[in-house]
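Working through the structure, step by step
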Amino acid sequence: MADLSVRIPLRSGEMVFKNPIMPAAACLGNLVEYKRFYELRILGAMMPNSIMYETGFVNKARKLYGAEYGYITSLGNNSLGIDEFVEKYAPHVPWQESPLILDLKAEDMEGLVRLSERAASAKEVAGIEINLNCPYSVTPTSPKQFWRDLQWVADMVSRVRAVCGNKLLVIKTPTTIADLEEIAAVAKEHGADAFTTFGALVGTAVDIEKREFRCGNVGSGGYCGPGVKPIALWNCQRVHKSVDIPIISAGGVTCADDVIEHIMAGAWLVQVGSANLTRPDFMKKLIEDLDARLNQLGVSNLEEIRGCAKAH
């Protein structure tokens, strides 16, 4: 059997993951509801739906559309509140056996810092992922998107680092095409332990019979699925070549070979999102298939292949 473990250096010590597979935010709900399909402790890490300070309202718009080669999703503010998750759900997942990482969203800097401090204070939480789609309610093309100001990113990472202590701090790229190399470099300089290189692209679909958009409150949502894999791999490669920081990659994973591609492009961990919509036990099978495929390829551990892909 191949050694699937991953070790990410922290400010104090390291965090050990039994394998590189973890869910992307939003695809496993509150986590507890998936316990009936497989033991969550088999995952390299656990991540529930995105967390905000207060529990969001119910999004009445169509949340999901099966587009070409993937899905368009629009969950709106239908997110868990930090207190609700920590009190009702966190104690019931195997956080002592698989690191629990929370993807955080807020409307402004102060809210993000306050949310980060609350999340990091929970004993069950091993780390936090800061979602750069902040402020959450603004569209990705708006100049109000804070990540467009690298000084804001620097200040935010520094302030969040100060309140989350020695817990894992991950910064996640915004849902758009961005200057990832610059953002990742700033994130590392100011205290991030890892960088997530892909979330989704913005996508739209139109129902020509009803003359309306098929998904979302504003007619668009996050496009994810097999169709985005080449772009996701490119994002991973870009950051791997330019910034010395552990990468959490994602995008288009449907099988073990996809995971291996992400690792060969430079990933340490790989998030799995839309494939969980195909079958609820997808990640259990994926971990088993990954082990078997690495054995077929003669790979004994992931260090052998991380970032090994070369140009012709």
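Just above, that's the structure.
Let me sum up the structure you'll find in this document.

1. Quick look at the packing of aromatic side chains
Under the definition given, this model contains 2 aromatic pairs. Against the face of Tyr53 rests Arg114, its NZ or CZ located 3.7 Å from the ring centre. The ring of Trp268 carries the charged tip of Arg306 above its face, separated from the ring centre by 4.4 Å.

2. Overview of the packing of helix α3 (residues 150-164) against helix α4 (residues 180-189)
α4 packs onto α3 with a crossing angle of 30 degrees between their chain directions and a minimal axis gap of 9 Å. Taken together, the axis directions place α3 and α4 in an arrangement best described as roughly parallel. Judged by the twist between their axes, the crossing of α3 over α4 is right-handed. Here Leu150, Val153, Ala154 and Val157 of α3 come into contact with α4, specifically with Glu182, Ile183, Val186 and Ala187. In the contact of α3 with α4, the residues fall into 7 nonpolar, no polar and 1 charged.

3. Quick look at the side chain of Asn131
With respect to the helices, strands and loops of the structure, Asn131 is situated in strand β9 (residues 127-131). Assessed through its relative accessible area of 3%, Asn131 is described here as buried. Among the polar contacts listed, one links the side chain of Asn131 to the side chain of Asp103, at a separation of 3.4 Å. The residues contacting Asn131, other than those within four sequence positions of it, are Asp103, Leu104, Lys105 and Lys172.

4. So, the sheet that holds strand β15 (residues 221-224)
A sheet is described by the order of its strands in space; here 4 strands give the open sequence β5-β6-β15-β12, paired in antiparallel fashion. The sheet terminates laterally at β5 (64-67) and β12 (201-203), the two strands that pair on one side only. For this sheet, the mean inter-axis angle between neighbouring strands, taken without regard to orientation, is 35 degrees. In this sheet, β15 lies alongside strand β6 (residues 70-73) in antiparallel orientation, the contact comprising 3 bridges. Bridge pairing in β15 places Thr73 opposite Gly222.

5. Some thoughts on the nonpolar core
Where a protein is soluble and globular, its nonpolar side chains tend to be buried together. Ranked by size, the top nonpolar core spans 94 residues in total, and within it Met156 and Ile171 carry the most contacts. Here this core gets 7 residues from one element, more than from any other, and that element is α3. Non-local contacts of Met156, meaning those with residues more than four positions away in its chain, are made with Met109, Leu112, Ile130, Leu132 and Ile171. By size, the runner-up hydrophobic cluster in this structure holds 10 residues, among which are Phe198, Leu201, Tyr223 and Ala232.

Criteria and cut-off values
Residues numbered from 1 in each chain as written. Predicted model: local features only at pLDDT ≥ 70, side-chain atom pairs only at ≥ 80, totals over all residues. Heavy atoms only, no water. Phe/Tyr/Trp six-rings, centres within 6.5 Å; stacked < 30°, edge-to-face > 60°. Lys NZ or Arg CZ within 6 Å of the ring centre and 35° of its normal. Axes fitted to C-alpha atoms, helices over the stretch in contact; angles between N-to-C directions. Helix = DSSP H or I, 4+ residues; strand = E, 2+ residues; numbered from the N terminus. Parallel < 35°, antiparallel > 145°, perpendicular 65-115°, else oblique. Left-handed = near helix turned anticlockwise from the far one by under 90°. Contact = heavy atoms within 4.5 Å. Nonpolar A, V, L, I, M, F, W, Y, C, P; charged D, E, K, R; others polar. Buried < 20%, exposed > 50% of the residue type's maximum accessible area, 1.4 Å probe, protein only. Polar contact = N/O pair within 3.5 Å; in protein donor to acceptor, adjacent residues only side chain to side chain. Pairing = 2+ DSSP bridges. Core = buried A, V, L, I, M, F, W, Y, C linked by side-chain atoms within 4.5 Å.

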